Amino acid sequence: MLNLPAISGSLRAASTNSALVAALAANVPADCRVTVYDGLGRLPIFNPDEEGERTPCEQDT
């Protein structure tokens, strides 16, 4: 069996990259398995849809 990890570089709700990764995972041959990594959203400030209070700001000096 061929195991392929897949990571989308975008976490936006309407991401075409994420849609492509999901389509890949759903349409692989029987002798393949695609594992989609969904942990990027837990990294600080990686998801532009959740910017705001979590966004670091410059400190006034």
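Residues numbered from 1 in each chain as written. Predicted model: local features only at pLDDT ≥ 70, side-chain atom pairs only at ≥ 80, totals over all residues. Heavy atoms only, no water.

### As for the side chain of S15
The test is simple: Secondary structure elements are defined from DSSP: runs of H or I of at least 4 residues count as helices, runs of E of at least 2 residues count as strands, and each element is numbered from the N terminus. Buried residues are those whose accessible area, probed at 1.4 Å on protein chains only, stays under 20% of the maximum for their type, while exposed residues exceed 50% and partly exposed ones sit between those limits. In the analysis that follows, any N or O atom pair within 3.5 Å is treated as a polar contact, provided that within protein one partner can donate a hydrogen and the other can accept it, and provided that, for residues neighboring in sequence, both atoms belong to side chains.
Examined against the element boundaries, S15 turns out to sit in the loop between β1 (2-6) and α1 (16-26). Given the relative accessible area of 10%, S15 is considered buried. In terms of polar contacts, S15 uses its side chain to reach the backbone amide nitrogen of N17, at 3.2 Å.

### Some details on the pairing of β1
Selection rule: Here, a strand pair is defined by DSSP locating no fewer than two bridges between the strands. For crossovers, right-handed means that the path from the first strand over the helix to the second runs clockwise, given strands pointing away from the viewer.
Examined bridge by bridge, β1 and strand β2 (residues 32-36) share five bridges and lie parallel to one another. Residue pairing in the sheet places A6 in a bridge with V36 of β2. Handedness of the crossover is the feature at issue here: the chain leaves β1, passes through α1, returns alongside β2, and the resulting connection is right-handed.

### Topic: the environment of L11
One can find L11 in the loop between β1 and α1. Taking the relative accessible area as the measure of exposure, L11 reaches 26% and is therefore partly exposed. Expressed as a C-alpha distance, the spacing of L11 and L40, which sit 29 residues apart in the sequence, is 7.7 Å.

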